[in-house]
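Coordinate analysis (summary)
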Amino acid sequence: DTDWLRRTPCSRGGAGGHKEWWHFCVYARGVDVLVNLSLVDDVREGAPRGHEFARVVVLVREREWDGDVEVFEAHEVEAPGGGLQMRFGDNRVAFEDGRYVIEVRLRRRPIAVSLVLEPGCVPSLANNIRLDPGPPINWLVLPRMVASGTLRLGDRVVQVDRARAYHDHNWG
């Protein structure tokens, strides 16, 4: 009930500068995974009103870190305000049947993530946190989850079975 996408007020005539992201971390045996999908208002001078940067960040650590940051064009993005899903190109995160489903495949690195994360607690919500002179940020956190699924790392498949996981959603 609390993790829905807020989206930019710029599209409704409000001020620009909105940032919103879903962040997931998985701590499996021998491998750590970070997946982040974010939407950030383009506040550069001359940018079209309502233009956003849509990014997918994936980092995986076994012995060393590997991953990438990928940017998507507006026509590749589906992230309806009030919804519980984001799709950037072929990558998606959604809340379905009480669980988060993550399907991400990097274009330039041989990394694919296919995980289901199940909450082990109710989310905590903190609103209007001031970090600097700018607008406040809002934060939802699910600190206790379990993740299962597969990671494709190069030519190897790594099975993840009920690994510790974490999710937060920030906006503002």
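The coordinates are above.
Note that the structure is a prediction, hence the values are computed from the model and not measured.

Counting its regular elements, the chain contains 0 helices and 12 strands. Reading the chain from its N end, one meets helices and strands in the order β-β-β-β-β-β-β-β-β-β-β-β. In summary, the chain has a C-alpha radius of gyration of 16 Å against a globular reference of 16 Å for 172 residues, a match within 12%. Counting only C-alpha atoms, the chain reaches 45 × 35 × 30 Å along its principal axes. Burial statistics for the chain: of 172 residues in total, 43% are counted as buried. Taking the contacts inside the chain whose residues are at least 6 apart along the sequence as the reference set, 51% of them involve residues at least 24 apart. Total accessible area computed for the chain in this model is approximately 9,500 Å², and 50% of it derives from carbon and sulfur atoms.

Two strands pair when backbone bridges link them, and strand β7 (residues 91-96) and strand β8 (residues 99-105) are joined in this way by 5 bridges, in the antiparallel orientation. For V93, the partnering residue across the bridge sits in β8 and is I102. In this structure, β8 lies alongside strand β9 (residues 111-119), joined through 6 bridges in antiparallel fashion. Note that in β9 the partner of V104 across the bridge is V113. The hairpin turn running from β8 into β9, its antiparallel successor, is 5 residues long.

Of the strand pairs in this sheet, strand β2 (residues 31-41) and strand β3 (residues 52-61) are connected by 10 bridges, and their pairing is antiparallel. Bridge pairing links V40 to F53 in β3. Sheet analysis places β3 next to strand β4 (residues 65-72), joined by 8 bridges and oriented antiparallel. The partner of V56 across the bridge, within β4, is E70. Hairpin geometry of β3 and β4 is characterised by an intervening segment of 3 residues between the two adjacent antiparallel strands.

So, on to the nonpolar core. Generally speaking, soluble globular proteins have nonpolar side chains that are buried together. Core analysis: the largest hydrophobic core is formed by 36 residues, its most contacted members being V26, V58, V113, L117 and L151. Every element with two or more residues in this core is listed here: β1 (19-28), β2, β3, β6 (85-88), β8, β9, β11 (137-153) and β12 (156-171). Not counting residues up to four positions away in its chain, the partners in contact with L151 are V31, V33, A112, V113, L115, R156, V157, V158 and V160. Formed by 5 residues, the second largest nonpolar core is a distinct cluster that contains C25, V57, V141 and Y166.

Further remarks concern unusual backbone geometry. One non-glycine residue, N128, lies in the positive phi region at around 60 degrees. Following the sequence through the fold, N128 ends up in strand β10 (residues 124-129). A positive phi angle, near 55 degrees, is found at R162, a position not held by glycine. Relative to the elements of secondary structure, R162 occurs in strand β12. Judged by relative accessible area, which is 54%, R162 ranks as exposed.

The rules behind the values
For every chain, the first residue of its written sequence is number 1, and the numbers climb from 1 along that sequence. In view of the model being predicted, local features appear only for residues whose pLDDT reaches at least 70, and side-chain atom pairs are presented and counted only at 80 or more, with totals across whole chains, interfaces and linings using the full set of residues. With hydrogens and water set aside, each side-chain value is computed from the structure's full complement of heavy atoms. Note on conventions: DSSP H or I runs of at least 4 residues are helices, E runs of at least 2 residues are strands, and numbering of each starts at the N terminus. Restricting the calculation to C-alpha atoms gives the radius of gyration, and the globule rule supplies 2.2 Å times the number of residues raised to the power 0.38. Exposed residues in this analysis have more than 50% of their type's maximum accessible area, buried residues have under 20%, and partly exposed residues fall in between, with area computed by a 1.4 Å probe over protein chains only. Contact between two residues is taken to exist if any of their heavy atoms lie within 4.5 Å; hydrogens are not considered. Per-residue and other accessible areas follow the Shrake-Rupley method at a 1.4 Å probe size, with only the shown protein chains counted as cover for residues. The pairing criterion for strands is at least two bridges between them, as found by DSSP. In plain words, nonpolar cores are sets of buried Ala, Val, Leu, Ile, Met, Phe, Trp, Tyr and Cys residues tied together by side-chain atoms within 4.5 Å.

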